[in-house]
Amino acid sequence: MFEYAPAPESRSVVDLKPSYGLFIDGKFVDPADGGSSKSINPASEEVLAEVAEAGTPDVERAVRAARKAYDKVWGPMPGRDRAKYLYRIARLIQERSRELAVLESLDNGKPIRESRDVDLPLVAAHFFYYAGWADKLEHAGFGGNPQPIGVAAQVIPWNFPLLMLAWKIAPALAAGNTVVLKPAETTPLTALLFAEICQQADLPAGVVNILTGAGDTGRALVEHPGVDKVAFTGSTEVGRAIARSIAGTRKKLTLELGGKAANIVFDDAPIDQAVEGIVNGIFFNQGHVCCAGSRLLVQENVADRVLESLKRRMAQLRVGDPLDKNTDVGAINSAAQLERIRELSDAGSAEGAERWSPPCELPDRGFWFAPTIFTGVTQAHRIAREEIFGPVLSVLTFRTPAEAVEKANNTPYGLSAGIWTDKGSRILWMADRLRAGVVWANTFNKFDPTSPFGGYKESGYGREGGRHGLEGYLNV
Ligand code: NAP
Ligand code: MG
């Protein structure tokens, strides 16, 4: 292992306020009943800020503001003018990207290398991409003259706070809707900075409203009768509850839920590249990724070789301070998530799989979990079936392509999959048979705003990204 001097990114670019209100109708306001919670830095457990919790009266106010903005300003505005606002927001995100990246790493625990080089460029790209659609909706392939739906309620998780916000807000606004968005309770701060950017861009009041709070705020928002569209990203369990609660209403719904992706390595794959892909697939963003390659399916005759290289590579991963530019794996987002990862990993050992982590010193404070692999995993093991949402990989083997397909599809989820092979024909053969919304070949975790993303089965329905991502925000 090489020794590096620490290279921490300065946090002086971030101007944190001690407390934040709700962003309603273009202004930061206090919640009606004065509730609040603290957002902490999961790498140090330091309190970053006190953040308001929106209750039912605040949801009412925000939905009313969004409705008024939809009826009076945003709905009637020509697409080419909406585009100007979206381009302006995209440029401001680029200008303030360092500040946003540092704040994202502070609040979420992800390495600055990722927030700076992956999250923020994709966030800006998303706004640029959908800005381009705002005046071309009749050419998006839906026929006729597609119209916006109205007020969208959007609820997002904590793993990519700003990127999930961009995936939700950019297409909604481009299509002419107004939004009320609830970020996750543990990662509200970049959404609040985004609200400041909306002010800076002179976005008309009420077009974007941000309600911070926990699950109850989310429930009150999606159940509000004034909402026309619900877009949710999060767990399958909550997704199901939301689908039930809005069944029989006129609300349109899209769900992006969990996953348990297979990353499939054939014996003719370039092994070194495949190992990089495996590492990227499961240790990127601490494995807090819905499409993480959490099940490695490796062809039996190369399993030993792949595992040996993988272990050698894992021993090089630097776990620690998210703001250090050398860090590969940051902090687990919350004590609760750390507990879930521990519980499921302990079950893996108890069920007879073999656990391995490289030697790795973890900081004393904060929430940490060493990169871990389980070998000797069977399909019946909980670690092979349940989403772990952490830096933990289950390794299974297969002999034939048909067996790989059978094992890969043996899951209630269907979000993504990876194929590693030298043969193009095999890639196509596999991709035809894998029940997954996204299939990567000889790469993994590649995202692009022009490309649709979404799941089959219990991974949800509807697509985000690309032309397809507009459909959930239009009456077509
Ligand atoms: P979660 O518990 O379902 O929470 C997601 C969001 O919903 C949070 O903002 C949460 O609030 C809110 N919420 C909780 N209960 C609610 C309710 N009854 N009604 C309305 N909103 C409610 O998910 P998580 O565990 O935080 O996030 C991880 C999950 O998200 C994983 O399963 C992952 O696979 C999935 N995910 C999917 C995608 C995708 O595109 N398919 C992308 C990223 C993540 P609080 O957390 O503030 O309480
Ligand atoms: Mg936090």
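Reading guide: rules and limits
- Residues numbered from 1 in each chain as written.
- Chains lettered and ligands numbered in written order.
- Predicted model: local features only at pLDDT ≥ 70, side-chain atom pairs only at ≥ 80, totals over all residues.
- Heavy atoms only, no water.
- UniProt positions renumbered as here; feature names shortened; annotations may be inferred.
- Helix = DSSP H or I, 4+ residues; strand = E, 2+ residues; numbered from the N terminus.
- Rg over C-alpha atoms; globule rule 2.2 N^0.38 Å.
- Buried < 20%, exposed > 50% of the residue type's maximum accessible area, 1.4 Å probe, protein only.
- Contact = heavy atoms within 4.5 Å.
- Areas by Shrake-Rupley, 256 points an atom, 1.4 Å probe, with all protein chains shown as cover.
- Lys, Arg positive; Asp, Glu negative; His and termini not counted.
- Charge placed at Lys NZ, Arg CZ, Asp CG, Glu CD.
- Pairing = 2+ DSSP bridges.
- Axes fitted to C-alpha atoms, helices over the stretch in contact; angles between N-to-C directions.
- Near = heavy atom within 4 Å.
- Polar contact = N/O pair within 3.5 Å; in protein donor to acceptor, adjacent residues only side chain to side chain.
- Nonpolar A, V, L, I, M, F, W, Y, C, P; charged D, E, K, R; others polar.
- Domains from an automatic or database assignment.
- Parallel < 35°, antiparallel > 145°, perpendicular 65-115°, else oblique.
- Left-handed = near helix turned anticlockwise from the far one by under 90°.
- Donors = N, O, S within 2.8 Å, 3.2 Å for Na, K, Ca; no water.
- Salt bridge = Lys/Arg side-chain N within 4 Å of Asp/Glu carboxyl O.

As recorded in an unreviewed UniProt entry, the protein goes by the name Betaine-aldehyde dehydrogenase, listed as coming from Micromonospora inaquosa. On record in UniProt, under Sequence similarities (unreviewed entry), the comment for the protein is "Belongs to the aldehyde dehydrogenase family."

Q: Where do I start with the overall build of the protein in this structure?
A: The helix and strand tally for the protein stands at 15 helices and 20 strands. For 476 residues, the compact-globule estimate of 2.2 N^0.38 gives 23 Å, and the protein sits close to it at 22 Å. Projected onto the principal axes, the alpha-carbon positions of the protein cover approximately 65 × 50 × 35 Å. By residue count, 60% of the 476 residues in the protein fall in the buried class. When contacts within the protein are restricted to residue pairs at least 6 apart in sequence, those whose partners lie at least 24 apart make up 76%. In the structure as shown, the protein presents an accessible area of about 18300 Å², 50% of it carried by carbon and sulfur atoms. Charge separation in the protein, taken as the distance between the mean sites of 53 positive and 58 negative side-chain charges, equals 5 Å.

Q: Sorry if this is basic, but what is going on with unusual backbone geometry here?
A: Negative phi is the rule for most residues except glycine; trans is the rule for most peptide bonds. We note that Asp25 has phi near 55°; this positive angle belongs to a residue other than glycine. For Asp25, the location among the structural elements is in the loop between strand E2 (22-24) and strand E3 (27-29). A positive phi angle is found at Asn285, which is not glycine, with a value near 55°. Classification of Asn285 by relative accessible area gives buried; the value is 0%.

Q: For this particular structure, what's the right way to read the sheet that holds strand E5 (residues 46-52)?
A: Taking strand neighbours across the sheet as the criterion, the three strands line up as E1-E5-E4 in an open arrangement whose pairing is mixed. Each edge of the open sheet carries a strand with a single partner, namely strand E1 (19-20) and strand E4 (36-41). Examined bridge by bridge, E1 and E5 share two bridges and lie parallel to one another. Across the sheet, Ser19 pairs through a bridge with Glu50, a residue of E5. Along the sheet, helix H6 (residues 189-200) makes contact with E1, E4 and E5, crossing E5 at roughly 55°.

Q: How should I be thinking about the site of ligand 1 in this particular structure?
A: Lining the immediate surroundings of ligand 1 are 28 residues, of which Trp158, Glu185, Ser235, Leu257 and Glu387 lie closest. Note that an oxygen atom of ligand 1 is positioned 2.6 Å from one of the side-chain N or O atoms of Glu387. Listing elements by their share of the shell around ligand 1, those giving two or more residues are helix H7 (215-223), strand E10 (229-233) and helix H8 (236-246). When residues in the shell around ligand 1 are grouped by element, the largest group, three residues, is from H7. The residue inventory of the shell around ligand 1, partitioned by class, reads 15 nonpolar, eight polar and five charged. Counting only domains with at least three residues in the shell around ligand 1, you end up with domain 1 (17-257 + 456-475) and domain 2 (262-441).

Q: Which parts of the structure should I look at to understand the packing of helix H9 (residues 271-283) against helix H10 (residues 303-314)?
A: Describing two packed helices takes the angle between their axes plus the distance from one axis to the other. Taken N-terminus to C-terminus, the directions of H9 and H10 make an angle of 55°; their axes are 10 Å apart at the nearest point. Comparing the axis directions of H9 and H10 gives the class oblique. With respect to the hand of their crossing, H9 and H10 are arranged in right-handed fashion. In contact with Ile271, Val275, Glu276, Ile278, Val279 and Phe283 of H9, H10 contributes Arg305, Val306, Ser309, Leu310, Arg313 and Met314.

Q: What am I meant to see in the coordination of the magnesium ion (ligand 2) here?
A: Under ideal tetrahedral coordination, the four donors around a metal are separated by 109.5 degrees; under ideal octahedral coordination, the six donors are separated by 90 or 180 degrees. Distances from the magnesium ion (ligand 2) to its protein donors, Ile40 (O), Asp107 (O), Asp107 (OD) and Thr186 (O), fall at 2.2 to 2.5 Å. A relative accessible area of 26% places Ile40 in the partly exposed class.

Q: Help me out: how do you make sense of the UniProt feature "domain: Aldehyde dehydrogenase" (unreviewed entry) in the protein in this one?
A: Here, UniProt's "domain: Aldehyde dehydrogenase" (unreviewed entry) annotation points to residues 31-476. Across residues 31-476, the secondary structure splits into 41% helix and 17% strand, with the terminal C-alpha atoms separated by 37 Å.

Q: Help me out: how do you make sense of the environment of Leu137 in this one?
A: Residue position: Leu137 is located in the loop between helix H4 (112-133) and strand E6 (147-148). Its relative accessible area of 7% is what places Leu137 among the buried residues. Sequence spacing of Leu137 and Pro225 is 88 residues, and the spatial spacing of their C-alpha atoms is 27 Å. Ignoring anything within four residues of it in the chain, the contact list for Leu137 reads Arg82, Pro146, Ala174, Ala175, Leu470 and Leu474.

Q: In this structure, what is going on with the pattern of salt bridges? I would like to understand it.
A: Across all of its chains, the model carries 28 salt bridges by this definition. As a salt-bridge pair, Asp58 and Arg61 come within 4.0 Å of each other at their nearest N and O atoms. With Asp58 and Arg61 both in helix H1 (residues 56-74) and three residues apart, this pair spans about one turn of that helix. Linking Asp346 and Arg355 is a salt bridge whose minimum nitrogen-to-oxygen distance equals 3.4 Å. We classify Asp346 as partly exposed; its relative accessible area is 46%. On the basis of relative accessibility, which here comes to 36%, the residue Arg355 falls in the partly exposed class.

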